[in-house]
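Tertiary structure, described
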Amino acid sequence: MTRVIDDGNNGGHGATSGRLARAADAVRWETRSVGRAARAVVRGPGRERDLLVQSLKTALAALLAWLVAQVWLGDPMALMAPWVALVLVQATVYSSLVTGARQFAAICVGALVASGAQAVTDDTTGAIALSVPVLVLLSNWPRFGDQGIYAATTAVFTIASGTVSAEAVGHRLGQAALGAVIGVAVNALVLPPVHLRDVRENLAALAREAGEVLHAVAGDLREGEWDAQTAVGRLNAAKRLQDRLDALRSARGWSRESMRLTSGVLRRLHRAPSQALPSEDEDERLGRITGHVTALTRSLAVAADEERSPAAPDPEVLRSYGKLLELLGDSCRAESDRLLGEEGSADPLLDERTDAAMRDLHTRLQEGLTQEAGRDAARTAVLGTLVLQAENLWTDLAPDARGR
């Protein structure tokens, strides 16, 4: 294993290089993510295409609201309608209705308070100073949810426009209602969002990305290119799996909510997948796998850090460990294929030859652990931790492996 040693002269340079490496690693990760999303949109139905459709629906709702308010009705205050419609194309029909009700209530309060403040002060600055602090405080009222801030912004917009008469306020409220109706109608009738697919795809993506991290670590260990900087980069990649796990939990919630207020007819309009969702036990299992991968990369990072680990395992043993991680990464990828229902996908852990290879590697690691125990207790502790974490990962990837 290559070790990175920083002394007092190159400490600052090393820290700068480390930050640049982490920044470059983050940029590469994001670039790959964007590329995968673009390819997924072109490839076929999926979470990425759903996001594109929802974005286009949002633009459509705003355009329709503007055409109805400005072109058809000729209202000089037509801006309010597309503004409200733009916000109300939410991730589910239910959330559109709830958000619409809260936002309309906030806009009504903002317009009325602004008109009252203008009538009392008869001055633009005084009206803003009187109304905005009260409305910003009121925006924290839980009944408004995250829409409370629209009370204050409506007040500023109303007062700054200089038209606070009863007729003008009525126009604004009417336009807000019009935008709300159009936004909710577009969301409910044009490919209504039903998020059944998101859970399965986030589960598959979590398994695939965990496999990518394991393959990257395995490649470093096999080629002997393992040092403190590389280890930190792989640890950061493993930590980013938590973002995907959070997205999975969010998708599970959205899948429940998207079934509310969407009749069978609306669901057929969206042609949502009829395949049953994976059990929530799968969420927990993939969550444990994510935790094992993160713990494993953290242990390797500690082993590569000379200031924290007194002795790293033997390079030959680490190369064997890298082969084991590569097989576990293959299993993660196969798990991803299984979740997506792709034909011809087989779990490598169920393949006899792969299973035999994993048993052989596991035996070699145990022999290395026995050899290290007779020479260096510190190395024994590090290697023992790595073997235990690989066993935990193996167990959750293949429940039948438990007890081997």
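The rules behind these values
Residues numbered from 1 in each chain as written. Predicted model: local features only at pLDDT ≥ 70, side-chain atom pairs only at ≥ 80, totals over all residues. Heavy atoms only, no water. Axes fitted to C-alpha atoms, helices over the stretch in contact; angles between N-to-C directions. Helix = DSSP H or I, 4+ residues; strand = E, 2+ residues; numbered from the N terminus. Left-handed = near helix turned anticlockwise from the far one by under 90°. Contact = heavy atoms within 4.5 Å. Nonpolar A, V, L, I, M, F, W, Y, C, P; charged D, E, K, R; others polar. Salt bridge = Lys/Arg side-chain N within 4 Å of Asp/Glu carboxyl O. Buried < 20%, exposed > 50% of the residue type's maximum accessible area, 1.4 Å probe, protein only. Phe/Tyr/Trp six-rings, centres within 6.5 Å; stacked < 30°, edge-to-face > 60°. Core = buried A, V, L, I, M, F, W, Y, C linked by side-chain atoms within 4.5 Å.

Re the packing of helix α3 (residues 80–88) against helix α4 (residues 93–121)
Between α3 and α4, the shortest axis-to-axis distance is 9 Å and the interhelical angle comes to 145°. Handedness of the crossing formed by α3 with α4: right-handed. Touching M80, V84, V87 and L88 of α3 are S96, T99, G100, Q103 and I107, all from α4. In terms of residue class, the contact of α3 with α4 is built from 5 nonpolar, 4 polar and no charged.

Describing the pattern of salt bridges
What the rule picks out here adds up to 11 salt bridges. Between E282 and R338 there is a salt bridge whose closest N-O contact spans 2.9 Å. In this pair, E282 is assigned in helix α12 (residues 280–304) and R338 in helix α13 (residues 315–340), connecting sequence segments 56 residues apart. For E282, a relative accessible area of 17% puts it in the buried group. Connected via shared salt-bridge partners are E282, R285, E335 and R338.

With respect to the packing of aromatic side chains
If you walk through the whole model with that rule in mind, you get 2 aromatic pairs. Their ring planes at 85° and their centres at 5.4 Å tell us that W141 and F144 sit as a pair that is edge-to-face. Residue classification places F144 among the buried positions, given a relative accessible area of 4%.

Re the nonpolar core
Core analysis: the largest hydrophobic core is formed by 43 residues, its most contacted members being L221, V293, L300, Y321, L325 and L328. Elements with a contribution of two residues or more to this core: α8 (197–223), α9 (228–239), α10 (241–258), α12, α13 and α15 (377–397). The element that contributes the greatest number of residues to this core is α8, accounting for 11 residues. Counting residues in each nonpolar core, the second largest holds 23 residues, with A106, A127, A152 and A176 among its members.

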